[in-house]
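# Coordinate analysis (summary)
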Amino acid sequence: MTVDYAELARTVAALTEGETDPVALMATLACEIHHADARFDWTGFYRVTEPGLLKIGPYQGGHGCLTIPFDRGVCGAAARTGEVQIVDDVEAFPGHIACSSSTRSEIVLPVHDGAGRLIAVLDIDSDRPAAFGLDDAAGLGAILAETFGRF
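Residues numbered from 1 in each chain as written. Predicted model: local features only at pLDDT ≥ 70, side-chain atom pairs only at ≥ 80, totals over all residues. Heavy atoms only, no water.

## Some remarks on the sheet that holds strand β4 (residues 85-87)
Just so we agree on the cut-off: A strand pair is defined by DSSP finding two or more bridges across the two strands. Secondary structure is summarised from DSSP: a helix means a run of H or I of at least four residues, a strand means a run of E of at least two, and numbering begins at the N terminus for each. Each axis is a line fitted through C-alpha atoms, and for a helix only the stretch in contact is used; angles between axes span 0 to 180 degrees, taken between their N-to-C directions. Any two residues whose heavy atoms approach within 4.5 Å are treated as being in contact.
The strand order across the open sheet built from 6 strands is β3-β2-β1-β6-β5-β4, with neighbouring strands paired in antiparallel fashion. The outermost strands of the open sheet, each flanked by one partner alone, are β3 (67-69) and β4. This sheet shows a mean twist of 25° between the axes of neighbouring strands, independent of strand direction. Bridge count for strand β1 (residues 42-50) against strand β6 (residues 118-126) is 6 bridges, and the pairing is antiparallel. Across the sheet, residue arginine 47 finds its bridge partner in β6, namely alanine 120. In the packing of helix α3 (residues 73-81) onto the sheet, contacts are made with β1, β2 (53-60), β3, β4, β5 (105-112) and β6, and the angle to β5 comes to roughly 35°. Against the sheet, helix α4 (residues 134-148) contacts β1, β4, β5 and β6, and its axis sits at roughly 30° relative to β5.

## Here we look at the packing of aromatic side chains
Rule in force here: Ring pairs shown here join Phe, Tyr and Trp side chains whose ring centres sit within 6.5 Å, with only the six-membered ring taken for Trp; geometry is labelled stacked below 30 degrees between planes, edge-to-face above 60, and tilted in between. Exposure categories follow from relative accessible area, calculated using a 1.4 Å probe and restricted to protein chains: below 20% of the type maximum is buried, above 50% is exposed, and the middle band is partly exposed.
Evaluated as defined, the whole model comprises 5 aromatic pairs. Between phenylalanine 148 and phenylalanine 151, the ring centres sit 6.1 Å apart and the planes meet at 65°, which makes this aromatic pair edge-to-face. On the basis of relative accessible area, phenylalanine 148 is assigned to the buried category, the value being 0%. Residue class for phenylalanine 151 comes out partly exposed when judged on its relative accessible area of 28%. Ring-pair connections join several aromatic residues into one group, and the members of that group are Trp42, Tyr46 and Tyr59.

## Comments concerning helix α1 (residues 5-16)
Counting along an α-helix, one turn takes 3.6 residues, and residues three or four places apart therefore face a common direction. Operational definition: Helix span, as expected, comes to 1.5 Å for every residue beyond the first. The directions from the helix axis to the C-beta atoms are what the arc is built from.
Between the first and last C-alpha of α1 there are 16 Å, a value that for 12 residues agrees with the 16 Å anticipated at 1.5 Å per step. Here α1 has its buried residues at Tyr5, Leu8, Val12 and Thr16. The buried residues of α1 all sit within an arc of 55° when viewed along its axis, so they share a single face. Facing away from the buried side of α1 by more than 90 degrees, the exposed set consists of Arg10 and Ala14. On its buried side, α1 packs onto α2 (22-34) and α4. Taken from the residues just after α1, glycine 18 is the one with a positive phi, measuring 85°.

## Points about the pairing of β2
With 6 bridges joining them, β1 and β2 adopt antiparallel strand pairing. Considered in β2, the bridge of glutamate 50 is made with leucine 53. Note that β2 and β3 share 3 bridges and pair antiparallel. Counterpart to leucine 54 in the pairing with β3 is isoleucine 68.

Printed below as a string of structure tokens:
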């Protein structure tokens, strides 16, 4: 099963209409995204809680790392650079943080509020190598912009 991003965007928009609490939005998106595609083994948000530091937010799947500094791992790279990270083989990523031994590939997208401030990153792990592509980045990015850009 491959996610239909247009359908997922409509579902998320309907479920989150009028909601402005970022944690409630993150919880809803983590659930909906996680269950939208069999490739998604772990789906969650790491919230910016202080300068240079991410802390675990709402997620689906096994346990995640509690904190991730901006200077470590794939999530840190997305937060630090503001760019989507698509990693086909996490073992080959310098400084990868192994929160789960089953993770083979990963996509991480920065999450900005309406003022353009980085508030979190969306991290999706897969137990399959090279599971993510530019279509995932575009589809997920559009959903994040629509959901979090309104406050």
